[in-house]
Amino acid sequence: MRNRKELKTSDITVTAVMAALVFLGTYVFKIPTISGYIHLGDCMILLTVVLFGTRKGAAAGAIGAGLSDLLGGFAYWVLPTILIKCMWALVLGAILRRAGKGRKGAFLAGAVAGGVLQLAAYTGIRVFLYGMYTAVAEIPGLALQTGAGVVLSLVIYQALVKSGLAVRLRTLAG
């Protein structure tokens, strides 16, 4: 007997589609800032976690964001990005699971907690790569990017819930 759930075709499909949306949201939809850019990729990761689960969100975030770094010419960021985006999804998923379904504020708390860890992790890596002054100077841009991902995901999720699409998407995904 197997101890773990079997991987279903629908799980692979949902994860692949969401990874593609994370990639497109990161690679294509960019709003330049002083020290980087705001993108929709983080928003897609958070939505994947809240709609389809922690594992799918972590996998979609790792694949989509890692691929964006690789194809965008930032190969040295691929591994850190994979780990950091997985971490953010895992933190959000753990808080959602602990709070229970329907608990108001859990999504925001998990998204913000994971976002703070993302900010700290990327800053730590930047200290190692570029030095303290550059890393600290880039914190506002990274905070803006992270905050935009949280806010956009909250707005889109609320719209999906109010329209009834959140339930339909979860049902379709199995």
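My aim in this report is to walk through the structure given alongside it, one point at a time. Quick caveat: nothing in here was measured; it's all calculated off a predicted structure.

Structurally, Ser68 is set in helix H3 (residues 54–71). Those residues in contact with Ser68, other than ones at most four positions away along the chain, are Phe23, Thr26 and Tyr27.

Moving on, we come to the pattern of salt bridges. Close approach of charged atoms allows side chains with opposite charge to pair. Enumeration over the complete set of coordinates arrives at three salt bridges. Notably, a salt bridge pairs Asp11 with Lys56, separated by 3.1 Å at the nearest N-O pair. Residue Asp11 is found in helix H1 (residues 9–27), and its partner Lys56 is found in helix H3; the two are separated by 45 residues along the sequence. On the accessibility criterion, Asp11 (11% relative accessible area) is buried. We note a salt bridge from Arg126 to Glu138, for which the minimum N-O separation is 2.9 Å. Note that Arg126 is positioned in helix H5 (residues 106–130) and Glu138 in the loop between helix H6 (132–137) and helix H7 (139–163), a separation of 12 residues in sequence. Neither residue differs from the other here; Arg126 and Glu138 are each classed as buried.

Turning to the packing of aromatic side chains, a few remarks are in order. Centre-to-centre distance and the angle between the planes together describe a pair of aromatic rings. Inspection of every chain in the model, using the stated rule, returns five aromatic pairs. An aromatic cluster of three or more residues is present, and its members are Tyr76, Trp77, Tyr122 and Tyr130. In this arrangement the basic side chain of Lys30 is found over the ring face of Tyr27, its NZ or CZ atom lying 5.4 Å from the centre. Looking at Lys30, its charged tip hangs above the ring of Tyr37, at a distance of 4.7 Å from the centre.

Cut-off values and rules
Residues numbered from 1 in each chain as written. Predicted model: local features only at pLDDT ≥ 70, side-chain atom pairs only at ≥ 80, totals over all residues. Heavy atoms only, no water. Helix = DSSP H or I, 4+ residues; strand = E, 2+ residues; numbered from the N terminus. Contact = heavy atoms within 4.5 Å. Salt bridge = Lys/Arg side-chain N within 4 Å of Asp/Glu carboxyl O. Buried < 20%, exposed > 50% of the residue type's maximum accessible area, 1.4 Å probe, protein only. Phe/Tyr/Trp six-rings, centres within 6.5 Å; stacked < 30°, edge-to-face > 60°. Lys NZ or Arg CZ within 6 Å of the ring centre and 35° of its normal.

So yeah, pure geometry; function would need other evidence.
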